[in-house]
Amino acid sequence: MKRIYTISGLLLLFTFFSTALFAQNVTVKGKVTDAKTGETLIGVTVGIKGTTNGAQTDANGNYSLSVASNATITVSYIGYTSVDVPVNGRTTIDVKLQSATNELQGVVVIGYGTQRKVDVTGSIATVKGADVAKQASPNAISGLQGKVAGVQIVNSGAPGSTPDITIRGLGTIYGNTKPLFVVDGVWYDNIDFLNPQDIESFSVLKDASSTAIYGIRAANGVVLISTKRGAKGKPVINYNGFVGIQSVTNQVKMANGTQYATAVNELSVLNGGQPLLANPSSYGTGTNWYKEELRKAFMQSHQASVSGGTDAYTYNYSFGYLNQDGIVKSNNYERFTLHLSNDFKVGKALKLGYTASGISDRSKDVSDDIFHQLYAAAPIIPVKNPDGSYGDPNPLGLGDGNNFNPQATIDFFNQRTKNQRFTYSAYGEVSFLKHFKFKTSFGGDVSQREVRAFTPIYQATFKQFSQKTNLNVDHTEVRNWIWENTLTYDVQVKDHRLTALLGYSALQNKTRQLNAQRDNVPYTASGNLYNSFPADSVATYLATPGSQIYTRALSQFARVNYAFKDKYLLNASIRRDGASQFFGDHTYGYFPSVGAGWVVTNEDFMKDQKVFSNLKLRGSWGKVGNSVVPINPSVQVIASDPYLTAIFGNPPAVYPGASINTVVPPSIVWEKTVSSDFGFEAGFLDNKLSIEADYYNRETQDAIFAIPVAGSLGTVNSSIIGNQANIRNRGFEFLATWRDKGSEDFSYSISANLGINNNKVLNVLTGNNPIYQGGDGIANGSLATRTVQGQPIGQFYGYKVIGIFQTAADVAKGKQPNAAPGDFIYQDTNGDGKIDGSDRVALGSPLPKYNFGLNTSFNYKRFDLALDFQGVASVSVYNANIAYRFGNENFTADFYNNRWNGPGTSNTYPSVNVGKTDNAKPNSFYVESGSYVRLRNAQLGYTFPGTALTKLGVSKIRLYLNAQNAVNIFGYKGFSPEIGGGVGSRGIDANVYPLYAIYNFGVNVTF
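Computed from a predicted model, the values in this text were never measured in an experiment. (Residues numbered from 1 in each chain as written. Predicted model: local features only at pLDDT ≥ 70, side-chain atom pairs only at ≥ 80, totals over all residues. Heavy atoms only, no water.)

**A word on the overall build of the chain**
Part 1: When helices and strands are counted, the chain shows 10 helices and 54 strands.
Part 2: Evaluated residue by residue, the chain yields a buried proportion of 53% over its 1007 residues.
Part 3: Taken as a whole, the chain presents about 43,400 Å² of accessible surface, with 57% of it coming from carbon and sulfur. (Helix = DSSP H or I, 4+ residues; strand = E, 2+ residues; numbered from the N terminus. Buried < 20%, exposed > 50% of the residue type's maximum accessible area, 1.4 Å probe, protein only. Areas by Shrake-Rupley, 256 points an atom, 1.4 Å probe, with all protein chains shown as cover.)

Below, the structure written as structure tokens:
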């Protein structure tokens, strides 16, 4: 027996030494490229399977890694199929990755981690940062437009503005409509601080199964953003810059001098007066105010970065500069950005790292009213008189409606906005007991914004003057932080794969705003206006209670992902959130979710079929919340007012009074959204063709809604805000992508997406009591939108026009006794023989039913071409500009040429008398189609051969030409049908800063 033990021991020792010798470490080097295009891939993770050790590819796609000679390396990259490669003692291993943006084996970023797409049971869309960075959009969100099904983005033309983004429709009326942005693990309301060049990838989480892990802030969807990090290798320096021109597209043509004078005379006669202007033809073409005040605006952008690292640490640093002129003269936006990131490896188990971003921007603003002025200004006055004075409409007796000179408005409007913002995050991650990983992170947002407006003493025209100076300063500070801790257990046992997550989170948001103004402030130089008010002055501080925000939240969450044989998938999560803006029994909320998937093509009975390359069915259900709602609307406010003053006694004494002027609910809770999603993902022809489709049903419960109350209660606002309604968004999403390689020199991809959404207010506690909103630009005080049970949020609401009164006899026979020839004929909807408010009907919705995009890329040798199209359909806009008039404002050439100006001249356009009369009431004439198709982006590039540049120390040079919004197809009679706005005023075109086309030339150089 002893002899057997001895022999066994020797064999065991021999085996040990043999294994040790065979497992000696070797240094493996190689390059990772795209299998179809041959393009080198930067930032690819090359890890040692079963450990947390690894490296990333550098700017040339190279990696270097010390591994055991018998180890297996795992190569993974977002948007590509992960592969496992045995080392087998080799020292050089080149890897070609197959693109898998829409295939089951791709890697996607999810909440608090990453996941193979095969395991995803929710609806998640991934977009590469490079696809967004190549556009000329200063804001990264604009670059997503048309790339993700179910996501609507509405841009503004104002430099430095923030686009509106809506995921799967509007689900709130008074709450926050924006998604939650999570950048490197930190929560934000917007990503204005990010340079698009610094973004590695986007993940758009659309259904509750994927968003529920973010609980109280996930009701409107979540956008996860990963910024660029360093990769092991020598320092890589990159410069990317462009210069370009912005040009107004589809400029509205206004009536010229003669036409305007003719119209003004007609208007005066229709109102019982005499013609105001003699000999209209003498005014000729007059002043084209758009031509005078709009310009081809210059734009430039530059970014430089350096990245690299060793086995112990990696780094990525970048600096960006943007200077963008507005299309209005004097308007300018200038931005500086800084992005820093480091990752450190301390031993085999511990990782540390941080990310920091800084932004400093400043702008020269223009008056909020400038585009209304350009529209309304009289073309019969000059910009300047021969003596250099401003053209003044007052001597012509045109009234006060357009008694201004837009040039004077621009010249004497002195407002500057400055913004400084610093965002940061730091993390520590430790792996232990083989399958466990603990991560703690702390991040925050520190910002300061100041808007300084100064009015000088001046006299430009009769109505445009100031007899004293005035300084108004609006100062806002934000101090937010979030601390999160997660414990992850990841294990695979034979056919079972399990990932479990536990987490704890705490956050604090603090915003403070101070607004003050002072008259008679001396002006010596622009700089002195930023310092303070004069030492001897007493500033008037204006109340801004709505902007004083201090909230805290405490959360615990858990998630389990389980897969069996890569066929059957299960995902479940729950989050418990407590928020300080609520109290009592409503302080905490619970947000669960569950999702399941079936990978059909992994079944044995599918092995011999030739139709599907892959096929997965999935479904999910979950509940999320929207805690960003009006703060403390349940607090009763008592206000004093002069009319409440009483005088008593002898001698008389004045006693100020006060009253309760609002009705508030006893308490409110956060809005909750319950949604379900069912979809499939399929690949055909060896995954050359991939298709995804989803059906979703998303219901907002306890939506905060304002309902009317009796005026006899004595309130200032005749409504009460509370959790009153349920709102539903229901629809379909489709994505189809074709990728192929025609030859060794030519490859291409074509991807189309479509989102279909139907929005409806399901019920309101008080029944059919509506919210009326949308008074922008409506001269007679009417409101153009209505939100009511059974209809979409903020639909246009008014009278249906069925013709134009031609004669006085027609008026006498009609049902509108106050009408005149040339006025609208409104439909008697209820048939009661009179026209009143009960005859109003739904006129259209500003919420598009269809959002679509078409994105293409072509590569031929060293040339590349990308064409991106985007559009919306089945949507309406309200052209308030036409009746936005209080006197003798100008008309468009279209209105002038088609107006009613005598019996039989028009039965569709009214007379010029459309201002404060009944013609200005919201009606179907002002509601137009908002559908459009746009060439969102077109870019042609050429990359020079690397071999020709090596001697110059350059590894890559790419030149490109880019055009954005160059082609726009729509029927709307304004500048652009892409019109945003608040929930109740969305789609109303009244003084909107229009979009423009951008044409630029750029260069990308890597050293």
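What follows picks up the thread again.
**Digging into the pattern of salt bridges**
Part 1: Taken as a whole, this structure holds 39 salt bridges when the rule is applied.
Part 2: The salt bridge partner of Glu477 is Arg512, with a shortest N-O separation of 3.0 Å. With Glu477 in strand S26 (residues 470-493) and Arg512 in strand S27 (residues 496-519), this pair connects stretches of sequence that are 35 residues apart.
Part 3: Judged by its relative accessible area of 18%, Glu477 is buried.
Part 4: One salt bridge connects Asp604 with Lys607, and the closest N-O pair in it is separated by 3.3 Å. Assigned by exposure class, Asp604 and Lys607 land together as exposed.
Part 5: Each of the salt bridges in this network shares a partner with another, and the network as a whole consists of Lys117, Arg168, Lys206, Lys616, Arg618, Asp677, Glu681, Glu692, Asp694 and Glu733. (Salt bridge = Lys/Arg side-chain N within 4 Å of Asp/Glu carboxyl O.)

**Some details on the nonpolar core**
Part 1: Ranked by size, the top nonpolar core spans 69 residues in total, and within it Val328 and Tyr878 carry the most contacts.
Part 2: In contact with Tyr878, other than residues within four places in its own chain, are Ile778, Ala784, Phe796, Ala920, Lys921, Pro922, Asn923, Tyr926, Val927, Gly987, Ile988 and Asp989.
Part 3: By size, the runner-up hydrophobic cluster in this structure holds 55 residues, among which are Val109, Leu144, Ile199 and Val204. (Core = buried A, V, L, I, M, F, W, Y, C linked by side-chain atoms within 4.5 Å. Contact = heavy atoms within 4.5 Å.)

**What about the pairing of strand S1 (residues 25-34)?**
Part 1: As paired elements, S1 and strand S4 (residues 62-68) share 7 bridges and run antiparallel to each other. Bridge pairing in S4 places Val28 opposite Leu65.
Part 2: One ladder, built from 3 bridges, connects S1 with strand S7 (residues 95-97); its direction is parallel. Bridge assignment links Asp34 to a residue of S7, and that residue is Leu97. (Pairing = 2+ DSSP bridges.)

**Some points on the packing of aromatic side chains**
Part 1: In this structure the tally under the stated criterion is 39 aromatic pairs.
Part 2: Judged by centre distance (5.0 Å) and plane angle (45 degrees), the ring pair of Tyr321 and Phe336 falls under tilted. Separated by 15 residues along the polypeptide, Tyr321 in strand S19 (residues 313-325) and Phe336 in strand S20 (residues 332-346) bring together distant segments of the chain.
Part 3: Between Phe432 and Phe436, the aromatic rings sit 5.5 Å apart at their centres with planes inclined by 15 degrees, giving stacked as the arrangement.
Part 4: Residue classification places Phe432 among the partly exposed residues on the basis of a relative accessible area of 32%.
Part 5: Taken together, the ring pairs in this structure connect Phe796, Tyr799, Phe824, Tyr826, Tyr878, Phe891, Phe895, Tyr909, Phe925 and Tyr926 into an aromatic cluster.
Part 6: In this structure, Lys384 packs its charged tip against the face of Tyr390, placed 4.7 Å from the ring centre. (Phe/Tyr/Trp six-rings, centres within 6.5 Å; stacked < 30°, edge-to-face > 60°. Lys NZ or Arg CZ within 6 Å of the ring centre and 35° of its normal.)

**Overview of the sheet that holds strand S50 (residues 927-929)**
Part 1: Pairing in this open sheet of 3 strands is mixed, and the strands run S50-S49-S53 from one edge to the other. With one partner strand each, in any of the chains shown, S50 and strand S53 (988-989) form the two edges of the open sheet.
Part 2: Across 2 bridges, strand S49 (residues 876-879) lies against S53 in parallel orientation. Bridging across to S53, Asn879 finds its partner in Asp989.

**Regarding a nonpolar patch on the surface**
Part 1: On the surface, Tyr860, Phe863, Leu865, Leu940, Phe944, Leu959, Leu961 and Phe1001 cluster together into a nonpolar patch covering about 700 Å² of accessible area.
Part 2: Secondary structure elements with two or more residues in the nonpolar patch: strand S48 (863-873) and strand S52 (956-970).
Part 3: Its location among the elements puts Leu865 in strand S48. (Patch = residues over 30% accessible without salt bridge, like charges linked within 9 Å, V, L, I, M, F, W, Y side chains within 5 Å.)

**A closer look at helix H4 (residues 257-270)**
Helical periodicity: at 3.6 residues per turn, an α-helix aligns residues three or four positions apart in one direction.
Part 1: For H4, which comprises 14 residues, the first-to-last C-alpha distance of 20 Å matches the rise-based estimate of 20 Å (1.5 Å per residue) to within 8%.
Part 2: Within H4, 10 of the 14 residues are buried, which leaves it mostly tucked inside the rest of the structure.
Part 3: Of all the residues in H4, the buried ones are Gly257, Gln259, Tyr260, Ala261, Ala263, Val264, Asn265, Glu266, Leu267 and Ser268.
Part 4: Buried-residue contacts for H4 involve helix H10 (893-898).
Part 5: By the N-cap criterion, in which a side-chain oxygen at the helix start approaches the backbone nitrogen of a residue two or three places on, H4 is capped by Asn256, the distance to Thr258 being 3.2 Å. (Expected span 1.5 Å × (residues − 1). Polar contact = N/O pair within 3.5 Å; in protein donor to acceptor, adjacent residues only side chain to side chain.)

**Quick notes on the environment of Gln870**
Part 1: As for its position among the elements, Gln870 is in strand S48.
Part 2: As for Gln870 and Phe852, which are separated by 18 residues in sequence, their C-alpha atoms are 5.8 Å apart.
Part 3: Gln870 has contacts with Gln145, Gly146, Phe852, Gly853, Tyr932, Val933, Arg934 and Arg936, leaving out every residue within four places of it along the chain.
Part 4: A distance of 2.8 Å separates the side chain of Gln870 from the side chain of Tyr932, its partner in a polar contact.

**Considering the sheet that holds strand S16 (residues 222-227)**
Hydrogen bonds along the backbone pair up the strands of a sheet, which may run parallel or antiparallel.
Part 1: Here we have 5 strands laid out as an open sheet, ordered S10-S15-S16-S13-S14, and mixed in their pairing. One side of each edge strand has no neighbouring strand; the edge strands of this open sheet are strand S10 (124-128) and strand S14 (186-188). Taking each pair of neighbouring strands and ignoring which way they run, the sheet shows an average axis angle of 20 degrees.
Part 2: Where strand S13 (residues 180-183) and S16 come together, 4 bridges link them in parallel fashion. Counterpart to Val183 in the pairing with S16 is Ile225. (Axes fitted to C-alpha atoms, helices over the stretch in contact; angles between N-to-C directions.)

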